[in-house]
Amino acid sequence: MLVITRREGEEVVIGDPSNPIGVVRIASIKGDRVRVAFDFPRNIDVHRREVANQINEERPSVAGTIKPTAASG
């Protein structure tokens, strides 16, 4: 895990700096609350950890089962 320090308004570039996957910006800091802005393409999912955990719990572990067909004879 990479841990960095940023001030309000500063950014972190994700991926190749010349063509980044996305940008994370510290939008504001008020007391013990930090607002973080994510600028990523819409095809990249970004979730809070508790939402990601909920999605994983609700997602079926197996999409379906494959049953062998009876041999015709």
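Placed above this text is the structure.
Note that the coordinates shown come from a computational prediction; the quantities given were computed from them, not determined experimentally. (Residues numbered from 1 in each chain as written. Predicted model: local features only at pLDDT ≥ 70, side-chain atom pairs only at ≥ 80, totals over all residues. Heavy atoms only, no water.)

Q: What is the right way to read the overall build of the protein from this model?
A: Along the protein, the regular secondary structure elements total one helix and three strands. Going residue by residue from the N terminus, the α and β elements of the protein occur as β-β-β-α. Within the span of the protein, comprising 73 residues, buried residues form 8% of the whole. The long-range share in the protein, meaning contacts at least 24 apart out of those at least 6 apart in sequence, stands at 2%. Accessible surface computed for the protein: about 7100 Å², of which carbon and sulfur atoms make up 51%. (Helix = DSSP H or I, 4+ residues; strand = E, 2+ residues; numbered from the N terminus. Buried < 20%, exposed > 50% of the residue type's maximum accessible area, 1.4 Å probe, protein only. Contact = heavy atoms within 4.5 Å. Areas by Shrake-Rupley, 256 points an atom, 1.4 Å probe, with all protein chains shown as cover.)

Q: So what exactly am I meant to see when it comes to the sheet that holds strand β2 (residues 22-30) here?
A: Backbone-to-backbone hydrogen bonds join strands into a sheet, with any given pair of strands oriented parallel or antiparallel. Reading across the sheet, the three strands line up as β1-β2-β3 and stay open at both edges, with antiparallel pairing between neighbours. In this open sheet, the two strands that pair with only one neighbour each are β1 (11-14) and β3 (33-39). Going across the sheet, the axis of each strand differs from the next one's by a mean of 20°, ignoring polarity. The pairing of β1 with β2 spans four bridges and is classified as antiparallel. Bridged to Ile14 within β2 is Gly22. (Pairing = 2+ DSSP bridges. Axes fitted to C-alpha atoms, helices over the stretch in contact; angles between N-to-C directions.)

Q: What is the right way to read the side chain of Ser28 from this model?
A: Positionally, Ser28 belongs in strand β2. Exposure remark for Ser28: the relative accessible area of 12% places this residue in the buried category. Aside from chain neighbours lying at most four places away, what touches Ser28 is Glu8, Arg33, Val34 and Arg35.

Q: Explain the pattern of salt bridges here, please?
A: Charged atoms that come close allow side chains of opposite charge to pair. Counted under the stated rule, the structure contains two salt bridges. Of the charged contacts in the structure, one is a salt bridge between Arg48 and Glu50, with a shortest N-O distance of 2.8 Å. Among the residues examined, Glu50 registers a relative accessible area of 48% and is labelled partly exposed. (Salt bridge = Lys/Arg side-chain N within 4 Å of Asp/Glu carboxyl O.)

Q: Teacher, can you tell me more about the pairing of β3 here?
A: Two faces belong to every sheet, and in a regular strand the side chains alternate between them. Of the strand pairs in this sheet, β2 and β3 are connected by seven bridges, and their pairing is antiparallel. Residue pairing in the sheet places Arg25 in a bridge with Ala37 of β3. Hairpin connection, β2 to β3: the antiparallel pair is bridged by two residues, and Gly31 has positive phi, about 65°.

Q: Honestly, a nonpolar patch on the surface in this entry has me stumped. Any pointers?
A: Where nonpolar side chains cluster on the molecular surface, the patch consists of Ile14, Ile21, Ile29, Val34, Val36, Phe38, Ile44 and Val46 and spans about 630 Å² of accessible area. In terms of residues, the nonpolar patch owes the most to one element, β3, which gives three residues. Its place among the elements puts Ile44 in the loop between β3 and α1 (49-58). When its relative accessible area of 32% is taken as the criterion, Ile44 is described as partly exposed. (Patch = residues over 30% accessible without salt bridge, like charges linked within 9 Å, V, L, I, M, F, W, Y side chains within 5 Å.)

Function cannot be read off these values alone, since they describe shape.
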